[in-house]
Amino acid sequence: MTHATVTIQITSESKPSTPSWMGEVAAFAQILEHTGTLKVVQNQVRFARARFGHYDLIDFVAVLIGYILSGEPTLLAFYERLAPFAEPFMALFGRNRLPHRSTLSRFLAALDPASVEGLRSLFQKDWLARKPFPSAGGLFDRRGAEFLVIDVDGTRQAARQRALPQTEALPAPHRRFDQVCAPGYQGRKRGEVVRTRTVILQAHTHQLLGTFGGPGNGDYRGELRQAIRVITSYATQLELSSAFILVRLDGLYGDAAPLLDILSAGLGVITRSRAYHEARIWSRSSRHLLVLQIT
């Protein structure tokens, strides 16, 4: 028997249910509006492009924020779920028009590194100003010195491509992956082309400080230098000495050249060598190099 306070309504019309993640998006958008971050993005981050249409950079930022918070597996699934609620979704960010999927794709393809870095530094400055954690964390050695560990990890993702017919009667094949992927080392991953990504993570609070990517094997030295600049800026804003920042690297960076890039910035480092039989730890504060043989 139905409870007296419960009302059941049945209709033959299609009534899509509100996505479960819409409440989280609304809360996040309210925080961005309250802290003035949305206004700062509109006023300080500029991306000039011909035929930009009715949209501004903040429109695409809103879509990407919603996609991240939704947990949907693909942008296609996100757009299909969002379609009945496009207008109220954009209204949460003070906008009135949802960019089409193809428009978003063209925007991401044309976005320059300067605008990406502007957005990254803006959001980093925002969460550092609000300090969501009482302490940045750290590790103590036996002498009582405290070190902050930053994890810089290079990862790669392989993409599989189906075979395309190539005859004189057909035009040359065109693959969208050519813009973001390239042939490269695949390791144990199955595929024809790969893309690399460098992720910077604060190991104690698990805060994402930045990410950089490139097609194929990528420019791991260039991305490491970018990571060093991000880490140095992070330490400066927290008023931490770079001598007590310990950068953890994997075997991709385990030779002399990348280590010199880090040591010249005054940072400590722990990494595995490319031979995968020893680990190297160097700290500017202790002025010594420790090599651990791994058997």
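Per-chain numbering applies: the sequence of each chain, read as written, is numbered from 1 onward. It should be noted that, the model being predicted, local features are given only for residues of pLDDT at least 70 and side-chain atom pairs only at 80 or more, the latter also being counted only at that level, while totals for whole chains, interfaces and linings use all residues. Each side-chain value is worked out from all heavy atoms of the structure, with water and hydrogens disregarded.

Caption draft 1: Here's a closer look at the side chain of Q202. What counts as a helix is a DSSP run of H or I of at least four residues, what counts as a strand is a run of E of at least two, and both are numbered from the N terminus. Mapped onto the elements, Q202 comes out in strand 3 (residues 193–202). Two N or O atoms form a polar contact when they lie within 3.5 Å of each other; inside protein one atom must be a possible hydrogen donor and the other a possible acceptor, and for residues adjacent in sequence the pair counts only when both atoms belong to side chains. At 3.2 Å, the side chain of Q202 forms a polar contact with the side chain of Y234. Setting aside anything within four residues of it in sequence, one finds Q202 in contact with A136, L148, V149, I150, Q207, L209 and Y234. Throughout, a residue-residue contact means that at least one pair of heavy atoms, one from each residue, lies within 4.5 Å.

Caption draft 2: Expanded view of the packing of helix 8 (residues 220–237) against helix 9 (residues 256–264). Between the N-to-C directions of two axes lies an angle of 0 to 180 degrees, each axis being a line fitted to C-alpha atoms and, for a helix, fitted only over the stretch in contact. The geometry of helix 8 relative to helix 9 is characterised by a closest axis approach of 10 Å and an angle of 20° between their N-to-C directions. Classified by the angle their axes make, helix 8 and helix 9 are roughly parallel. Relative to helix 9, helix 8 is oriented so that their crossing is right-handed. Contacts between helix 8 and helix 9 involve Y220, R221, L224, R225 and I228 from the first element and A257, P258, D261 and I262 from the second. Note on angle classes: values under 35 degrees are labelled roughly parallel, values over 145 roughly antiparallel, values of 65 to 115 roughly perpendicular, and the remainder oblique. Left-handed describes a crossing whose near helix is turned anticlockwise from the far helix through less than a right angle; right-handed describes the clockwise counterpart.

Caption draft 3: Focus on unusual backbone geometry. Residue H206 is not a glycine yet carries a positive backbone phi of 60°. Residue placement: H206 occurs in the loop between strand 3 and strand 4 (207–215). Think of it in three bands: with a 1.4 Å probe and only protein chains considered, a residue is buried below 20% of the maximum accessible area for its type, exposed above 50%, and partly exposed in between. For H206, a relative accessible area of 60% gives the class exposed.

Caption draft 4: View of the packing of aromatic side chains. When two rings of Phe, Tyr or Trp (its six-membered ring) have centres within 6.5 Å they constitute a pair, described as stacked for plane angles under 30 degrees, edge-to-face for angles over 60, and tilted for the intermediate range. Enumeration over the complete set of coordinates arrives at eight aromatic pairs. Aromatic pair F78 and F89: ring centres 6.1 Å apart, planes at 75°, arrangement edge-to-face. Taken together, the positions of F78 in helix 4 (residues 75–82) and F89 in helix 5 (residues 86–91) put the pair 11 residues apart, joining distant regions of the chain. Each of the two residues, F78 as well as F89, counts as buried. A connected cluster of aromatic rings, assembled from ring pairs, spans W21, Y67, F78, Y79, F89 and F93.

Caption draft 5: Seen up close, helix 2 (residues 37–44). When helix 2 is considered as a whole, its buried residues turn out to be T37, L38 and V41. Along the axis of helix 2, the buried residues cluster in a sector spanning 105°; they form a single face. Elements in contact with the buried residues of helix 2: helix 1 (22–35), helix 3 (57–70) and helix 7 (113–130). Throughout, the arc means that of the directions going from the helix axis to the C-beta atoms.

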